[in-house]
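Results of the structural survey
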Amino acid sequence: AAFGDPYEVNRSHEEGAELATKLLLADMVRVNADHYKDLAKRLTKDLAKECARAAGWLAMLASVRGKKDAAVLGFESKEQVLEAALENIQAEALRPLRVNNMQVLRRWVRRYKEEGYVCVIPSTVGNKNASKLEDEHIRHLMALMGDPHKPPVTTVTYLYNKDAAQRGWPQITHVTARNYLYVPDNRRVWEMMRHGEQSWYNEYDVTIRRQAPSAPDALWVLDGTPLDLYYQKRVRKFNEHTGKWEERASYYNRLYAFIVVDAHSWKFVGVALGNTETAELVARALKSAINTEMVLPRQLQYDHGSGIGAQEWLMKSLEIYNTATRPYNPKGKIIEACIGHFQNMVLRYFDNWAGGNVTAKSKDSRFNPDFLKEKRDEIPTEDQVRKQFEQAVNAWNNLATKDREAPAEKYRLTQSVGKKVDAFDVVNMFWQKRRKPYTYWQDGITIEIDSKAYNYQVQDVGFYKKHIRDKFQVVYDPECLDFIYLYQNDKPVLDADGEPVIAMQPELAPMALHDHYEGSRTNLNALLSMKDQVKQDTIEEVAAIRRYADETNLNLGARMIFKTDLNAAETRVKAALLDEDDHDLGHLLENQYLD
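Bear in mind that the values here come from a model prediction, so they are computed numbers and not experimental data. (Residues numbered from 1 in each chain as written. Predicted model: local features only at pLDDT ≥ 70, side-chain atom pairs only at ≥ 80, totals over all residues. Heavy atoms only, no water.)

1. Here's the deal with the overall build of the protein
Short version of the rule: Secondary structure elements follow DSSP: runs of H or I of four or more residues count as helices, runs of E of two or more count as strands, with numbering from the N terminus. Summary of the burial criterion: residues with accessible area below 20% of their type's maximum are buried, those above 50% are exposed, and those between are partly exposed, where the area comes from a 1.4 Å probe applied to protein chains only. Residue contacts are defined here by distance: any two heavy atoms, one from each residue, within 4.5 Å place the two residues in contact. The protein chains shown are the only cover counted for residues, whose accessible areas, like all others here, come from Shrake-Rupley with a 1.4 Å probe.
Helix and strand counts for the protein come out as 26 helices and 17 strands. The 595 residues of the protein split such that 39% are buried. Taking the intrachain contacts of the protein between residues at least 6 apart in sequence as the baseline, contacts between residues at least 24 apart amount to 61%. Summed over all atoms, the accessible surface of the protein reaches about 36800 Å², with 50% contributed by carbon and sulfur.

Take a look at the structure:
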């Protein structure tokens, strides 16, 4: 509207170049008049026309969003438009728009969408006399760019200039804003604000290069992770439409794995699988490692996971130097990299591979949904997945590459620095102690281990009477769950003979005569005898207390509880009646003072 029909003006090369210069610089008047004047002086007509031509290409390409837009231009797809544009732009050899390949062209289109045609102004021209910002201005700019809503640079510049006009600060262009924001010292700060601490950690956290352990068993690293192998199982679900329970197949289930890795060789020295992350799984993984090698490492490293945290007692009892890594700090644990290589080099070749983390950037780290769906009925059962994992661990430990020896071979070639142990030592090490106390109820103590409930009772009248509804810590051997020890204040509870109290798993008493077996009646009679004895002892103890209460006049009632108040009320009534004549004091005093 300001300069006339561009098609008419562009019939003349000179007029077209002049128009291009004006079109490129028109909005600079609104943004920064001094900057505009400088550009108008220093931007030649030929360069201005090339800038306009480059901006025209980018504007056209930015407008093509899909097949429909491409069809308007006579192409079948957006990709064909880009290919044709790349060939023509390279032929024109525009100085402001140098593109060597398709990737560079796409990057230019993205810049144009963010910055507009200012992006094609050469930096030697656009930034020569750009306004120099003070520290306060830069902080304001960084605060806008660091907003978690992630505004583009164009929006940040607009908002900055809007605030700057009210504060009397200099106006800036998109290019100036970008140049200040992308100074490394500034970008390091606003990227944490904008993308979060974890993203910042991946890009900017200082990496400490460390020397690997020089010998086997100098350092073991323990960590848990969902096992990236799917298994299928049958589940019962209630169908609300039919009102019946139905059995269905559930295909995409995963186990949880705890893995112990020797940091020197990257050998998996111990593993354990379970349905969830539990303290028992941690103990089984460590016991597997120690049983396999019959050695204790010099040092054990682990994170702050809930399962490991619940094994504080075990970690101390192993008498190993323990070092806990910082939370959410995978760089601090070589096991993160080790498990990643294990997945990429071994697990991915199973048909039921579940892929890596859902946030994985690489497409190669994700499963193929079509392939997995096609193979769904062939997904193995839980027992089969356990065997797969055993095969995978064996393959990893014996897998050599051009960059490293097989972990098992490397572990074997160097003398261990660990402490040798025997089978008796291992048994004593792995008694488990629950941190949370359990209440001893009428049916004993019930604890849950690997999602299964176990009940324990002490079939002793004296213990039951003394400790019913008392709280205990429990200590048990995960390999033998027939009995547990009871602790209080980290010390074992002792019986009358000074021996530790043992709670056993009771045999269930059959309800039906049909289900009785040899010896079941004897067990039932013993329980009934204990039941009657506890009740009879309690009745006798109650009778003794009641006799004491009678002898000491402790039988409570209204006259007992409020004796003082009643006496005072009686005195007041008597005093009032003494002032009157002809009254039967006995009759009047009988109940009146209670009103």
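The rest of the description comes next.
2. Focus on unusual backbone geometry
Of note in this structure, K150 is not a glycine but carries a positive phi near 55°. For W266, which is not glycine, the phi dihedral falls at a positive 65°. With respect to the helices, strands and loops of the structure, W266 is situated in the loop between β4 (256-262) and β5 (267-274).

3. A look at helix α11 (residues 174-181)
In terms of burial, α11 is a largely internal element, seven of the eight residues being buried. Along α11, the residues classified as buried are H174, V175, T176, A177, R178, Y180 and L181. Of the surrounding secondary structure, the elements contacted by the buried residues of α11 are α7 (102-115), α9 (135-145), α10 (153-167) and α12 (184-195).

4. Section: the pairing of strand β1 (residues 220-226)
For clarity, the threshold we go by: Between any two strands, at least two bridges found by DSSP are needed for them to pair.
Taking burial as the measure, the seven residues of β1 include six buried ones, the bulk of the element. Sheet analysis places β1 next to strand β7 (residues 299-302), joined by two bridges and oriented parallel. Note on β7: the bridge partner recorded for W220 is L300. Relative to β4, β1 is paired through seven bridges, and the arrangement is antiparallel.

5. Here's the deal with the environment of I121
Tracing the sequence through the fold places I121 in the loop between α7 and α8 (123-126). Judged by relative accessible area, which is 7%, I121 ranks as buried. Between the C-alpha atoms of I121 and V175, which are 54 residues apart in sequence, the distance is 9.0 Å.

6. Things to note about a negative patch on the surface
To keep it simple, the criterion reads: Residues forming no salt bridge and having over 30% relative accessible area are the ones grouped into patches, like charges within 9 Å of each other and nonpolar side chains (Val, Leu, Ile, Met, Phe, Trp, Tyr) within 5 Å. The term salt bridge refers to a side-chain nitrogen of Lys or Arg lying within 4 Å of a carboxyl oxygen of Asp or Glu. Charge counting treats Lys and Arg as positive and Asp and Glu as negative, with His and both chain ends excluded. Lys charges are placed at NZ, Arg charges at CZ, Asp charges at CG and Glu charges at CD.
On the surface, a cluster of negative charge is contributed by D460, D495, D497 and E499. Position of D497 relative to the elements: it lies in the loop between β16 (491-492) and β17 (502-504).

7. Regarding a positive patch on the surface
Taken together, the side chains of K78, R107, R110 and K113 make up a positively charged region of the molecular surface. A relative accessible area of 39% means that R107 is categorised as partly exposed.

8. Details of the packing of aromatic side chains
The geometry of an aromatic ring pair is captured by two quantities: the separation of the ring centres and the angle between the planes. Threshold: Ring pairs shown here join Phe, Tyr and Trp side chains whose ring centres sit within 6.5 Å, with only the six-membered ring taken for Trp; geometry is labelled stacked below 30 degrees between planes, edge-to-face above 60, and tilted in between. Only lysine NZ and arginine CZ atoms are considered, and such an atom sits over a ring when it is within 6 Å of the ring centre and within 35 degrees of the ring normal.
Applying the stated rule across the entire model yields 18 aromatic pairs. Between the aromatic rings of W200 and Y204, the centroid separation amounts to 6.2 Å while the plane-to-plane angle is 25°, which identifies the pairing as stacked. Placement of both W200 and Y204 in helix α13 (residues 197-204) is noted, with a separation of four residues, approximately one turn of the helix. Taking relative accessible area as the criterion, W200 reaches 18% and is therefore assigned buried. For the pair Y251 and Y252, a centre-to-centre distance of 6.3 Å together with 50° between the ring planes defines the contact as tilted. Looking at Y251, the relative accessible area reads 17%, which means it is buried. For the cation-ring pair, K267 lies above Y411, with the distance from its terminal atom to the ring centre recorded as 4.7 Å.

9. Focus: the packing of α10 against α11
A pair of packed helices is characterised by two quantities: the angle between their axes and the separation of those axes. Here is the rule: Axis definition: a line fit to C-alpha positions, over the contact stretch in the case of helices; interaxial angles, taken between N-to-C directions, run 0 to 180 degrees. Working rule for angles: under 35 degrees goes down as roughly parallel, over 145 as roughly antiparallel, 65 to 115 as roughly perpendicular, anything else as oblique. Residues were grouped as follows: Ala, Val, Leu, Ile, Met, Phe, Trp, Tyr, Cys and Pro as nonpolar; Asp, Glu, Lys and Arg as charged; and all remaining residues, including Gly, as polar.
At a minimum axis distance of 9 Å, the contact between α10 and α11 shows a crossing angle of 105°. It follows from the interaxial angle that α10 and α11 lie roughly perpendicular. When α10 is examined against α11, the residues V153, T154, V156 and T157 are found in contact with a partner set consisting of H174, A177, R178 and L181. Broken down by class, the residue content of the contact of α10 with α11 amounts to four nonpolar, three polar and one charged.

10. Looking at the side chain of R434
Heads up, the condition is: Polar contact is defined as a pair of N or O atoms within 3.5 Å, subject to the rule that within protein one atom must be able to donate a hydrogen and the other to accept it, and that residues adjacent in sequence are counted only when both atoms are side-chain atoms.
Mapped onto the fold, R434 is located in the loop between β10 (432-433) and β11 (438-439). Its relative accessible area of 14% is what places R434 among the buried residues. For R434, the side chain forms a polar contact with the side chain of Y438, separated by 2.6 Å. Within polar-contact distance, the side chain of R434 engages the backbone oxygen of E448 at 2.5 Å. Not counting residues within four places of it along the chain, the set of residues in contact with R434 comprises E280, I447, E448, I449, Q473, V474 and Y476.

11. A few points about the pattern of salt bridges
Going through the model one piece at a time under the given rule, you end up with 18 salt bridges. Among the salt bridges present, the one from E280 reaches R434, with a minimum N-O distance of 2.8 Å. Of this pair, E280 sits in helix α14 (residues 279-293) while R434 sits in the loop between β10 and β11; the two residues are 154 residues apart in sequence, bridging distant segments of the chain. With a relative accessible area of 5%, E280 lands in the buried category. A salt bridge links R412 to E409, with the shortest nitrogen-to-oxygen separation between them at 2.5 Å. Of the two residues, R412 and E409 are both situated in helix α20 (residues 407-413); the distance of three residues between them amounts to about one turn of the helix. The class for E409 is partly exposed, based on a relative accessible area of 33%.

12. Comments concerning α9
By the burial criterion, the buried members of α9 are H137, I138, H140, L141, M142, L144 and M145. On the buried face of α9, the contacting elements are α10, α11 and α12.

13. Digging into the confidence of the model for the protein
Formally: Confidence of the prediction at every residue is given by pLDDT, a number between 0 and 100.
In this model, the protein carries a mean pLDDT of 81, and residues with pLDDT of at least 70 account for 81%. Here α8 is the element of the protein with the lowest mean pLDDT, 49, and helix α19 (residues 382-397) is the one with the highest, 95. Segment residues 125-130: pLDDT under 50, and 15 contacts once partners within four positions in sequence are set aside and those in other chains are kept.

14. Structural notes on the side chain of T157
Mapped onto the elements, T157 comes out in helix α10. Separated by 2.8 Å, the side chain of T157 and the backbone oxygen of V153 make a polar contact. Those residues within four positions of T157 in sequence are excluded, and the remaining contacts are I172, T173, H174 and A177.

15. Some points on the packing of helix α4 (residues 45-63) against α7
One can describe the packing of α4 onto α7 by two numbers: an axis separation of 9 Å at closest approach and a directional angle of 90°. The angle between the axes of α4 and α7 places the two elements in the roughly perpendicular class. Taken together, the residues of α7 that come into contact with α4 (itself represented by A55, L58, A59, L61 and A62) are L105, W108, V109, Y112 and K113. Considered class by class, the residues forming the contact of α4 with α7 number nine nonpolar, no polar and one charged.

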